[in-house]
Amino acid sequence: MQQNIDFPKISQHKSTDRLFFCNFAGKLFVIRTLYCYEAGRESLLWHECHIAALSDITSITHFLISILVMSKKRIAFIVNPISGTCNKDVIPTLIGKHIDATIYDTALMFTEYAGHASEIASRCAAEGYDIVVAVGGDGTVNEVARALAETPTALGIVPCGSGNGLARHLMLPMNFGGALDIINMGEIHSLDYGIINSHPFFCTCGMGFDAFISKKFAEAGKRGPLTYIENVLKEGLSYKPETYELTLDNNEAEPYKAFLISVANASQYGNDAYIAPQASMSDGLLDVVIIQPFDILEAPQVGIDLLNKTLNKSSKIKCYQAKNIVIKRRESGTIHFDGDPIEESAELHISLRSKGIRMVVNPLADKKRRKPNIVQNAFSMLFNEMNAVREEVSNPSKHVKAINNFIQNKLS
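Residues numbered from 1 in each chain as written. Predicted model: local features only at pLDDT ≥ 70, side-chain atom pairs only at ≥ 80, totals over all residues. Heavy atoms only, no water.

Before going further, it helps to spend a moment on the overall build of the protein chain. Assigned secondary structure in the protein chain consists of eleven helices and 19 strands. Relative to its full complement of 412 residues, the protein chain shows a buried share of 44%. Across the protein chain, the fraction of contacts at a sequence separation of at least 24, relative to all contacts at a separation of at least 6, is 67%. Of the roughly 21600 Å² of accessible surface on the protein chain, a fraction of 55% belongs to carbon and sulfur atoms. (Helix = DSSP H or I, 4+ residues; strand = E, 2+ residues; numbered from the N terminus. Buried < 20%, exposed > 50% of the residue type's maximum accessible area, 1.4 Å probe, protein only. Contact = heavy atoms within 4.5 Å. Areas by Shrake-Rupley, 256 points an atom, 1.4 Å probe, with all protein chains shown as cover.)

As structure tokens, then:
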């Protein structure tokens, strides 16, 4: 017995599946009921009922196979064939090896042009895929993720780009096999993401020097960390800081002269460069990091703090947290979102979308690795103390004034 019904799109609904067994007139019967509810509500949209008699081994086998097939989840793999330097030819073989075919049905698709990953991911979400996996770098991940935001379909990542910032924050393995094993485990969390002037970002966005370097990196003929470092060293010392006006969560606007401003949903740019070591994708807040102007002697300290997860301890850094941010600059210019540069207006509006995207996470991740160890903290303290001493030596009048004030306070 079965109702004839037109099923609505499953991507907008949630369903439950129940089995009941009973013995009637010496025969074993199974009753399978399916219920579909509108997402976020308890109103029943449709239901379906199947009754089958399990009279012999053949009917039992057919029943079990039908249950298995109907309950399997679907994963789509979207591969960017030109991202990073990894060989994508092995992907189909590795999917067959690491993804359990008794649990998942898989589909493999390749992108052909910029924006194609978003188009494919949107179609997969509409068709009710459980997971859509971005196989590529940060740009591919952003394309897929923005298509899946605010849908029930989860984002998975197989990192093979030059930075892999979001994948590294999530502590996913950097090899194909390990990343596929995590997807096969299927642990999914609802996480935050941000929007800057209508552009979704899932890792970081920013302006100033990091946006300038993102633009140079995009224009370079080759990718990889060496190209990034080359641009940083070549352009860093000649870059002129800008003045910005920041408003955090409707507080009063304040001016800042900054080498760069980064707004972080996750902790790092990529390549383990931690711009916001304390950032969390589940705390409902964005981390605002302002790097103030620094000289050639202070540059090594900033660089080491960036790699040591201690940037927030630097005397050259100001850190804040907010849900809504407005940044005004003197004129329009380059910003970046997840490393992709774009020209935007002088006024920038940044906001958080709490728990707005579902992602496959690493259940084996050791979150302690996101924090600096004793040696890294010691280096940070040493550099800050050396910088304080250097500032005092370079400004003796300020030092003498401080001593005079100290003596006067003691005598009064």
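Attention shifts here to the pairing of strand S8 (residues 188–196). Bridge count for S8 against strand S19 (residues 347–360) is eight bridges, and the pairing is antiparallel. Across the sheet, residue Ser190 finds its bridge partner in S19, namely Arg358. Examined bridge by bridge, S8 and strand S9 (residues 199–201) share three bridges and lie antiparallel to one another. If you follow Gly194 over to S9, its bridge partner there is Phe201. Joining the antiparallel neighbours S8 and S9 is a turn of two residues, in which Asn197 adopts a positive phi near 45 degrees. (Pairing = 2+ DSSP bridges.)

Packing of helix H3 (residues 116–126) against helix H4 (residues 138–148) brings their axes to within 8 Å, and their N-to-C directions diverge by 35 degrees. For the element pair H3 and H4, the recorded crossing hand is right-handed. For the pair formed by H3 and H4, the contact residues are His116, Ala117, Ser118, Ala121, Ser122 and Ala125 on the first element and Thr140, Glu143, Val144, Arg146, Ala147 and Leu148 on the second. Across the contact of H3 with H4, the residue classes break down as six nonpolar, four polar and two charged. (Axes fitted to C-alpha atoms, helices over the stretch in contact; angles between N-to-C directions. Left-handed = near helix turned anticlockwise from the far one by under 90°. Nonpolar A, V, L, I, M, F, W, Y, C, P; charged D, E, K, R; others polar.)

Moving on, we get to the packing of aromatic side chains. Inspection of every chain in the model, using the stated rule, returns five aromatic pairs. One aromatic cluster is present, built from ring pairs that chain together Phe209, Phe212, Phe259 and Phe294. Over the face of the ring belonging to Tyr129 we find Arg74, whose NZ or CZ atom lies 4.2 Å from the ring centre. (Phe/Tyr/Trp six-rings, centres within 6.5 Å; stacked < 30°, edge-to-face > 60°. Lys NZ or Arg CZ within 6 Å of the ring centre and 35° of its normal.)

A separate point is the sheet that holds strand S18 (residues 340–344). Read across the sheet, six strands follow the order S15-S14-S13-S10-S17-S18 without closing on themselves; strand pairing throughout is antiparallel. The outermost strands of the open sheet, each flanked by one partner alone, are strand S15 (317–322) and S18. Neighbouring strand axes in the sheet, compared pairwise and without regard to direction, differ in orientation by 20 degrees on average. Here six bridges tie strand S14 (residues 286–291) to S15, and the two strands are oriented antiparallel to one another. In the strand pairing of S15, Leu286 is matched with Ala322.

Time to look at the pairing of S14. Of all six residues in S14, six are buried; the element is thus mostly enclosed. Burial along S14 is two-sided: the residues Leu286, Val288 and Ile290 and Asp287, Val289 and Ile291 are all buried.

With that settled, the discussion passes to the packing of helix H2 (residues 91–98) against helix H6 (residues 176–185). With their axes 9 Å apart at the nearest point, H2 and H6 run at an angle of 45 degrees to one another. One way to sum up the angle between H2 and H6 is to call them oblique. The chirality of how H2 crosses H6 is right-handed. Of the residues in H6, those touching H2 at Ile91, Leu94, Ile95 and His98 are Phe176, Gly177, Leu180, Asp181 and Asn184. In terms of residue class, the contact of H2 with H6 is built from five nonpolar, three polar and one charged. (Parallel < 35°, antiparallel > 145°, perpendicular 65-115°, else oblique.)

A few words on the confidence of the model for the protein chain. The predicted model of the protein chain has a mean per-residue pLDDT of 80, with 68% of residues at 70 or higher. Segment residues 35–48: pLDDT under 50, and 42 contacts once partners within four positions in sequence are set aside and those in other chains are kept. (pLDDT = per-residue confidence, 0-100.)

With that out of the way, let us pick up the side chain of Asn362. Within the secondary structure, Asn362 sits in the loop between S19 and helix H10 (374–394). At 2.9 Å, the side chain of Asn362 and the backbone nitrogen of Leu364 are in polar contact. Leave out the neighbours within four places in its chain, and Asn362 touches Leu170, Met171, Leu172, Pro173 and Ile182. (Polar contact = N/O pair within 3.5 Å; in protein donor to acceptor, adjacent residues only side chain to side chain.)

This part covers the environment of Tyr256. The residue Tyr256 is located in strand S12 (residues 254–258) in this model. Take Tyr256: its relative accessible area is 11%, and that puts it in the buried class. C-alpha separation for the pair Tyr256 and Ile291, spaced 35 residues apart in sequence, amounts to 9.7 Å. Residues in contact with Tyr256, not counting those within four places in the same chain, are Glu242, Thr243, Tyr244, Leu246, Ile290, Lys318 and Tyr320. Polar contacts involving the side chain of Tyr256 include one to the side chain of Glu254, which spans 3.4 Å. A polar contact of 2.9 Å, which involves the side chain of Tyr256, links it to the side chain of Tyr320.

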